[in-house]
Structure formats: structure tokens, C-alpha cells
Protein chains: 2
Amino acid sequence: MLVQKYKDMLSGKSVIRELSEFATARGQEIGYENVFDYSLGNPSVPVPREFTKEMVRMLNGEETSALHGYSPSLGITSVREAVAESLERRFGLPYRKEHIFMAVGAAGALAHAFRLVTEPGDEILTFAPYFPEYGPYVNLTGAKLKVVPPDTDNFQIHFGKMEEMLTEKVMAVLVNTPNNPSGVVYSAATLKRLAGLLKKKSEEYGHTIYLISDEPYREIVFRGVEAPCVSCFYDDTIMCYSFSKSLSIPGERIGYVAVNPHCRDAETMVNMCGQISRGIGHNCPPSIIQLAVAKVLDRTADLSVYETNMNILYNELTALGFTCVKPGGTFYIFPKALEEDAKVFCRRALQYDLVLVPGDTFGAPGYFRMAYCIDTEKVERSLGALRRFVKENYAGQGMCL
Amino acid sequence: MLVQKYKDMLSGKSVIRELSEFATARGQEIGYENVFDYSLGNPSVPVPREFTKEMVRMLNGEETSALHGYSPSLGITSVREAVAESLERRFGLPYRKEHIFMAVGAAGALAHAFRLVTEPGDEILTFAPYFPEYGPYVNLTGAKLKVVPPDTDNFQIHFGKMEEMLTEKVMAVLVNTPNNPSGVVYSAATLKRLAGLLKKKSEEYGHTIYLISDEPYREIVFRGVEAPCVSCFYDDTIMCYSFSKSLSIPGERIGYVAVNPHCRDAETMVNMCGQISRGIGHNCPPSIIQLAVAKVLDRTADLSVYETNMNILYNELTALGFTCVKPGGTFYIFPKALEEDAKVFCRRALQYDLVLVPGDTFGAPGYFRMAYCIDTEKVERSLGALRRFVKENYAGQGMCL
């Protein structure tokens, strides 16, 4: 018998994937350069040259057993040391290799974090708008993902709603800042209040509520914005990082879990990750990729295009009358649709070859996401279509029409 | 609260790891070249040059987004096609890319296979002697691994015991041929009888009993031995392959699931693997490694040293009076210890700097494993220690002493 729950998932259609497939098909008709595909969050900038150079240097110069041999189940020791040193330098917390577990991308890091602190039936709280894959990531462990509705004023945390939902069943709270899909960075005030609430409730319930911080966009922060270090606010934080976006290597599945050194049992938790891996089958991330990222920990791809694109879109959208929180980072923007049903709004936009994703997918109906990890030239060309779309469908609603 | 089951696992000591740590520590005292470390199954031969060349060629010549971008969740299409074509050519079954799911090593492939066909509480049957990691791999899914005792005459399958244990709760049978730790290759007669029994019992119970075939040693088969294709005997076979041993790249975590094209719902099963990945966090294997192995599918590292080592050890062991089934492949041999308790036997051997692993770990007490993936020169030097060990402890038991 095939297991029904996975079979059932096959009929569930991913809105983002469907839109992306539409974009590809439409591209075959009219040329992909004429499709303004804002559907996918796929890094568009080249990998840093140093990464490629390091890979080639190792392949040409080092013994194959050192490059491609088994990694210890917690990760290559020198790599864990390098990651810890870099985190300590940047964030001022006393990270050591004992706090670092190398993981296959953020998905792998999260898969370990969830299993560290939840049993089937427990709850994990996250905040809309949120990355929709959190649903299957959490629910397939047997725990339940609960989503706190958004504070649409600023896409920080809706603490009123959160307090209602933070029951004794909640074992962890999952945050993602800078945020996919809103682009918003949680402020120090937000994180301080969050930490205070978690501390209070942990004491009240007699068990630690862990904070799981998913940080794949940590390095994509725009000028004038400060992205506070989540772990610095709360001892019981499990940081989940991925190099996918900072180095433009999403296919190489490389990231880590970093347990806050001040977290009780931090070292035990990292060792437990090595046990969790045995059950879920990723015993270590690819060894040569571990070695290569360790050489470029303080570098990123040239991420400036994302800020350029954000400014162009933000200015145009607000000029057209959209309500829109200005992103502080990532390569997403999350404006309010010009009609109540964002699904209808996005469907209409397709007629202008604008591929936008309705916010329902992210737990925020009435909004839509644009992933602007595309060439600036294309962003600029899309503005005409955007203007026509708004003018021909929503004249009078936008301020400047 | 940290999850107890993973915490508990930390106190469980791996015998193999302890022995390997002993070998490392002893090596620091007397020089590692003087420790006859037969503990770890870690490939000792260099990676094929073509693999390294392909990696360098791609890194120097191709766009980084093509090399390091997201892979589709089932694997890169061209890679799946190449794997299917190679399998069809070799085994004569009509594999297409729709039957192939790229996985992060054999552990990743198995993690998907188990979840495809078992729910918590179901049973998976395997055969002693067996790879001890199967325990946590299966049991952490919630299913239960049951081990059929060995047929010590030849380390084929003990069908009498198997029939007793093949109850209605068994949803899958897990085989590993060529076998770790015995080195034995299942014969066509064994596989035919196994298939017949599974077919009969599937009909009797009204549900398919799947055959999961773990084949990381498929390419390490010695002269004069034929290693029959497991999938060719039974339609409902899920093949789990890893390139770790054939290409000496165990750290790169690359393998695949290949569902027998004649298996009902084969394509659905592959699609389900893509859903399972979402829950266990390895959405695709590293993309550049996928691309590189696809270029060298029909190559292997120079594996001849393993056969050379096997012959030296087999001849010496049998000359010393050990009872030993001759390995048909792998880089393991699994002789009977010269006293009842193989743990005591292996402990005694340490005094001669011979690091052997007791068979208890593999579900076959009274036997011991030697992993001879080491230099031939060291195997030859170990023979003196082996002779002294036997002579000084077991004189009179060996035929030639």
C-alpha cells in the first residue's frame, strides 16, 4: 500500500508552481523576455567568483579522499569552526563549533530544528505572511503549524493575536526575518517584545518555548535598514541558515543550524541533530560544498540589483496608488491588491503578462507577492504593463490615475 | 522540551565508531600505519579522473545559475534521463526518467523508500547479517525493523525463518546485495525464491509487499561472480542506489531511487518522493554533483584493489582455520570468530593492533567483520599480526597451527 498522505499531496496544486509554469508556457509563445515573471524566488545574480575559484583550486590540487570523503555527521570540523568564528565576530555571541550543525540547506536545517523540540501533536506558531512550504515542512513531522494572522499595518508581529494563540501546546515559534513574502525586517522593538512574551510564557507553562529563526535572507538588507540579530534577543534560539541566497547557490543545499550558545543544552541539541539525520536520511551536506562555503563565509554575491529593483517597483507601485510596506530586504515586495480578491486580481494581471502571486498562499488574502530577482532591465520594461493593467481595470482607485 | 528519543540515542554507543576512535588514538601512539584498522567501510581508492575533470570543466565553462540553481524536486531532468537510459541498457527493464528520483545518497534514497510504503507500526523485514544503520533509519520513521536470523552456511536468505516472520504487518522487505557485512552476493536462485514468496504472500494478505533493494555495492563484484539484478526478479521493487562506493564520493551524498517500471503506480511513487522530501528536508541533491555523476554513469573508480585485498585475506583466514564464506563483492569479509563470543575475540585482537568489528552489531553474533578498503601493503603487513593473534590465543583450533 502506498502511503495515502503523500499520495493526497500530489493533487494539491502549488499556486506558485502553476504560475511559474504559465510563465514558461507563455514565454514559448511570445518570448520569455516579454513575460514579466515575478513568480519565483530564485536568485538571479551570479555566484561570487571566489566560490568558483575555490572549488576549482580544491579539485585541481587536493586529494580526492579529502574532498569527497564522508563528512562527520555534524559537519566537517574545520567548517563548523569557521562558521562559529564568523558568527561570533558578527553577532557577539560566543559561538563555538559545538553549537554548529551543518545542514542540507535551510529546509534541512528546519527539518532538524522542528524534530529537536516537537513531538507529534505539538504546535509551532508562525506569522503571516509566511513561506507556504512551512506547512508541509512542519505538518509532515506530525506537529501542527499554526499561523498568526498578519498585522497589515507594517507586517511586524500581531502580538494581540499571538497571545491568544500561544497556548501550552506551542513548543516553538518560527520567525523569518527579513521576510518572504513581505520583504519586511523585524525591528529590535518587535524582537524584544517577542522575546519577553516567550520568556513569560515559558515560565508560566513550565517548558521552554524555543524560537526557530529561519534566516536565508539575512544578507539581503537594504541601505539604511538595520536587521537585528534574532538570536541576540532570546537565549533559546535555534538559527537556521542557508547560503542559497547570499551566494546564489540554492541547488547546492548548504546551510547550518546554529544553537544560541546561551541556550541550555546547546551542545546536546547539536549532537541530537546528528541522530535526527539518521532517521531522515541526510547524514551530512555535500563535503566539497561545505569546504567551499567555509572559504567565502564573509562574502556574498553582488546583491545590489535586488535593492535597485525594489526601489523601482516600490516607487511605481506607490505612485500608482498601491498600499505597500517598503521592504527592508529580500527580493520580495507584498502590496495590497486593488480589489478584495487577490486571486482575481492576479488572474487579471496575467492578461498583461504580469505574473504575480496572490497573498492567500502566504496567509494574507488581499495582498500579492512580486519576486523581483530578475534583471533590472526587465523590471523597467514591466512598468508599462503594470500601468496599463491598473489603468484599464482599476481607474479611479489609484491616486494618480 | 527536547525530544527524548533523540536525546536517548546519544548514550547508545556505536561499536564501529568506538573501534574507529580506538584505532585513531592508537595510531597517535604508534603511528597509524602500524594500526591494522579494519573497522570502517570508507572507500580508499581515488575518485575517477573523469569526475574531477567534468567538475572543473563545468565550473570553468558554464553559467553559475545553470550549475548551482535549484534542481526540480525530483532531480535534474537530464540527469534522470541519463540514469534511466543507463539502467535500461544494463538491466533490460524499460526505465524512463519518470521512474527515477535523485536522492542524497543511499540513506536519502532509503528514507524516501521507507516512507513510500510504510505507516508507523508497519514492519520492514531485513536479513542478518545487516547494515546496523537500518535500525535507526527504519525505526525513526515509526515503522519497525525486524531482522531474520542468518543462514550461516552461506549468508543467503534463511527462508524457513523468513516465512515465520513474514506476517501481515510486513509492508516491505529490505535486501542488500552485495552485502555489508558478509560480502556475499545473493544468487539468482535466492532472488527467485524470494520473489515467489513475496508474490504469494502479497496475494494472501491482499496488499503488495514491496522489495526495497539497497545497492551501494552493486559495482564492486569480483571475477567469476555474477550479481543478478534484483529488480529483474520482482516487479514491485524499489531500487536504492548510491554513487558513494562506485565513484569513491561518499561525502557528496548522491544516489537515486529507481522504481521498477513494471511496478503498479511506479510514476506516482516517484512523484510521491518529491512530497516526502518536503517533510524530511532534502528537496534535491546538490545540483553540480548531479550533473557531474550523469557524465560518468558508466565509469567507476579503479575498484580492483578490493578484490586483491579480499583474496589475500580469504586465503590467509582459511589457511589459519577460520570458517569463512568467500565474498563475491564489496570490501567486507565476515569470518566466524575462534571463540563463541566475538566481542571477546575482537577485544583480544586489539592487543595485536588488529581492529575487527564483532558480528553482534550486524545481527550475527559469533562472527566478525573486516573492512578491507585499505592499502594492499597494509593488508599484507597485517598478516603477521593475524597469525600471532591466532597462534597465541587459539592454538590447536586452527587447522594449520
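All of these numbers come straight from a predicted model, not from anything done at the bench. (Residues numbered from 1 in each chain as written. Chains lettered and ligands numbered in written order. Predicted model: local features only at pLDDT ≥ 70, side-chain atom pairs only at ≥ 80, totals over all residues. Heavy atoms only, no water.)

**A closer look at the relation of the copies chain B and chain A**
Working step 1: Turning chain B through 180 degrees and shifting it by 0.0 Å along the axis lays it on chain A, with an RMSD of 0.0 Å. Expressed as an axis order, the relation between the two copies is that of a two-fold axis.
Working step 2: Interface residue correspondence from chain B to chain A reaches 100%, placing this contact among same-surface, isologous pairings. (Least-squares fit on C-alpha atoms with pLDDT ≥ 70 in both. Contact = heavy atoms within 4.5 Å.)

**Examining the interface of chain B and chain A**
Many structure descriptions define interface size as the accessible area lost when the parts assemble.
Working step 1: Residue-level contacts link 68 residues of chain B with 68 residues of chain A.
Working step 2: Between chain B and chain A the total buried area reaches about 5,600 Å² when both faces are included, carbon and sulfur atoms providing 61% of it.
Working step 3: Linking chain B with chain A are two salt bridges, by the criterion used here.
Working step 4: Between E133 of chain B and R278 of chain A there is a salt bridge, and its shortest N-O distance comes to 2.6 Å.
Working step 5: Within the residue set of the side of chain B that touches chain A, elements represented by two or more residues are α1 (4-9), α3 (49-61), α4 (64-68), α6 (105-117), α7 (134-139), α10 (266-280) and α11 (287-295) of chain B. (Buried area = accessible area lost by both parts, 1.4 Å probe. Salt bridge = Lys/Arg side-chain N within 4 Å of Asp/Glu carboxyl O. Helix = DSSP H or I, 4+ residues; strand = E, 2+ residues; numbered from the N terminus.)

**What to know about the pairing of strand β8 (residues 255-259) of chain A**
Residues and elements named next belong to chain A.
Working step 1: Within β8, five of the five residues are buried, which leaves it mostly tucked inside the rest of the structure.
Working step 2: On β8, burial covers both faces: G255, V257 and V259 on one face and Y256 and A258 on the other are all buried.
Working step 3: Bridge count between strand β2 (residues 100-103) and β8: four bridges; the pairing is antiparallel. Residue pairing across strands places M102 opposite Y256, the latter belonging to β8. (Buried < 20%, exposed > 50% of the residue type's maximum accessible area, 1.4 Å probe, protein only. Pairing = 2+ DSSP bridges.)

**With respect to the side chain of E219 of chain B**
Residue and element names in this part refer to chain B.
Working step 1: Its place among the elements puts E219 in the loop between β6 (210-214) and β7 (237-242).
Working step 2: At 3.2 Å, the side chain of E219 and the side chain of R218 are in polar contact.
Working step 3: With near-sequence residues (within four places) excluded, E219 lies in contact with R90, Y241, S246, T300 and L303. (Polar contact = N/O pair within 3.5 Å; in protein donor to acceptor, adjacent residues only side chain to side chain.)

**Thoughts on the state of the cysteines**
Working step 1: Considering all chains together, one arrives at one disulfide over all chains under this definition.
Working step 2: The disulfide partner of C229 of chain B is C232 of chain B, and the gap between their sulfur atoms is 2.5 Å. In this structure, the disulfide formed by C229 of chain B and C232 of chain B twists by about 85 degrees around the S-S bond and is classed as right-handed.
Working step 3: In this structure C284 of chain A is a free cysteine whose sulfur lies 14 Å from that of C273 of chain A, the closest cysteine sulfur available.
Working step 4: Free cysteine: C263 of chain B, not disulfide-bonded; nearest cysteine sulfur from C273 of chain B at 11 Å. (Disulfide = S-S within 2.5 Å.)

**Focus on unusual backbone geometry**
All names here are of chain B.
Working step 1: Between A128 and the following residue, P129, the backbone shows a cis peptide bond with an omega angle of -5 degrees.
Working step 2: Among the structural elements, P129 can be located in the loop between β3 (123-127) and α7.
Working step 3: Following T177, the chain continues to P178 via a peptide bond in cis, the omega torsion being -10 degrees.
Working step 4: Residue position: P178 is located in the loop between β5 (170-175) and α9 (188-205).

**Concerning the packing of aromatic side chains**
How two aromatic rings sit relative to each other is given by the distance of their centres and the angle of their planes.
Working step 1: Under the criterion given, the structure shown has 41 aromatic pairs over all chains.
Working step 2: Judged by centre distance (6.2 Å) and plane angle (75 degrees), the rings of F322 of chain B and F345 of chain B are edge-to-face. You can see F322 of chain B sitting in the loop between α12 (304-319) and β9 (332-333) and its partner F345 of chain B sitting in helix α13 (residues 342-350), a full 23 residues away along the chain. Of the two residues examined, F322 of chain B and F345 of chain B, each falls in the buried class.
Working step 3: Cluster of aromatic residues (ring-pair linked, three or more members): F322, F345, Y352, F368, F389 and Y394 of chain A.
Working step 4: We note K378 of chain A situated over the ring of Y32 of chain A; from NZ or CZ to the ring centre the distance is 4.1 Å. (Phe/Tyr/Trp six-rings, centres within 6.5 Å; stacked < 30°, edge-to-face > 60°. Lys NZ or Arg CZ within 6 Å of the ring centre and 35° of its normal.)

**Some points on the environment of I288 of chain B**
Working step 1: With respect to the element layout, I288 of chain B can be found in helix α11.
Working step 2: It is 9.9 Å that separates the C-alpha atoms of I288 of chain B and E54 of chain B, two residues lying 234 residues apart in sequence.
Working step 3: With near-sequence residues (within four places) excluded, I288 of chain B lies in contact with M55, E252 and I289 of chain A together with M55, M58, L59, L67 and H68 of chain B.

**Section: the sheet that holds strand β12 (residues 368-371) of chain A**
Strands belonging to one sheet form pairs held by backbone hydrogen bonds; the direction of such a pair is parallel or antiparallel.
Residues and elements named next belong to chain A.
Working step 1: Sheet architecture is open: three strands sit in the order β9-β12-β11, paired in antiparallel fashion. The open sheet has two free edges, formed respectively by β9 (332-333) and β11 (357-358), since each of these has just one partner strand.
Working step 2: Pairing of β9 with β12, which is carried by two bridges, proceeds in the antiparallel orientation. Looking at β12, one finds that Y332 is bridged to A371.

**With respect to the environment of I220 of chain B**
Residues and elements named next belong to chain B.
Working step 1: Turning to its location among the elements, I220 is positioned in the loop between β6 and β7.
Working step 2: Considering only alpha carbons, one finds I220 and P178, 42 residues apart in sequence, at a separation of 7.8 Å.
Working step 3: In this view, I220 contacts P178, K245, L303, Y306, G328, G329, T330 and F331; residues no more than four positions away in its chain are not counted.

**Regarding the confidence of the model for chain A**
Working step 1: When the pLDDT values of chain A are averaged, the result is 95; 99% of them are 70 or greater.
Working step 2: Listed scores for the predicted complex are pTM 0.96 and ipTM 0.95. (pLDDT = per-residue confidence, 0-100.)

**Comments concerning the side chain of R278 of chain A**
Working step 1: Looking at where R278 of chain A falls in the secondary structure, it is placed in helix α10 (residues 266-280).
Working step 2: Polar side-chain contacts of R278 of chain A include one of 2.7 Å to the side chain of Q275 of chain A.
Working step 3: Excluding residues within four positions of it along the chain, R278 of chain A makes contact with M9, E133, P136, Y137 and L140 of chain B.

**What to know about the sheet that holds β2 of chain A**
Residue and element names in this part refer to chain A.
Working step 1: An order of β2-β8-β7-β6-β5-β3-β4 is seen for the seven strands of this open sheet, with the pairing classed as mixed. Looking at strand neighbours, the two that pair on one side only are β2 and β4 (144-148), the edges of this open sheet. Direction aside, the axes of adjacent strands within the sheet are offset by 20 degrees on average.
Working step 2: Sheet strands touched by helix α5 (residues 77-91): β2, β7 (237-242) and β8. Its angle to β2, the strand with the most contacts, is close to 115 degrees.
Working step 3: In the packing of helix α6 (residues 105-117) onto the sheet, the strands contacted are β2, β3 (123-127), β5 (170-175), β6 (210-214), β7 and β8, and the crossing angle to β7 comes to about 160 degrees. (Axes fitted to C-alpha atoms, helices over the stretch in contact; angles between N-to-C directions.)

**With respect to the pairing of β7 of chain A**
Residue and element names in this part refer to chain A.
Working step 1: Counting buried positions along β7 yields six of six residues, so the element is predominantly enclosed.
Working step 2: Burial along β7 is two-sided: T237, M239 and Y241 and I238, C240 and S242, pointing in opposite directions, are all buried.
Working step 3: Pairing of β6 with β7 involves four bridges; the strand directions are parallel. Within β7, the position partnered with I212 by the bridge is I238.
Working step 4: Both β7 and β8 contribute to a ladder of five bridges, which runs antiparallel. Residue pairing for β8: Y241 is matched across the bridge by Y256.

**Quick word on the nonpolar core**
Working step 1: Ranked by internal contacts, the top residues of the largest apolar core, which has 80 residues, are I212 and I238 of chain A together with I212 and I238 of chain B.
Working step 2: For I212 of chain A, the contacting residues outside a window of four places in its chain are L110, A113, F114, V117, A172, V173, L174, V175, I238 and C240 of chain A.
Working step 3: Counting residues in each nonpolar core, the second largest holds 66 residues, with C229 and M239 of chain A together with M58 and Y241 of chain B among its members. (Core = buried A, V, L, I, M, F, W, Y, C linked by side-chain atoms within 4.5 Å.)

**Regarding helix α2 (residues 15-30) of chain B**
All names here are of chain B.
Working step 1: Taking 1.5 Å as the rise per residue, α2 with 16 residues should run 22 Å; its terminal C-alpha atoms sit 22 Å apart, in good agreement.
Working step 2: Looking at the buried side of α2, the elements it contacts are β1 (36-37), α13, β10 (354-355), β11 (357-358) and β12 (368-371).
Working step 3: Within two residues after α2, G31 carries a phi angle of roughly 90 degrees, on the positive side. (Expected span 1.5 Å × (residues − 1).)

**Re the packing of α12 of chain B against helix α14 (residues 376-394) of chain B**
Residue and element names in this part refer to chain B.
Working step 1: Relative orientation of the contacting elements α12 and α14 amounts to 15 degrees, with a least axis distance of 10 Å. In this view, α12 runs roughly parallel relative to α14, as classed from their interaxial angle. By crossing handedness, the relation of α12 to α14 is classed as right-handed. Residue-level contacts link V305, T308, N309, I312, L313, E316 and L317 of α12 to T376, V379, E380, L383, L386 and R387 of α14.
Working step 2: When its residues are assigned to classes, the contact of α12 with α14 shows seven nonpolar, three polar and three charged. (Parallel < 35°, antiparallel > 145°, perpendicular 65-115°, else oblique. Left-handed = near helix turned anticlockwise from the far one by under 90°. Nonpolar A, V, L, I, M, F, W, Y, C, P; charged D, E, K, R; others polar.)

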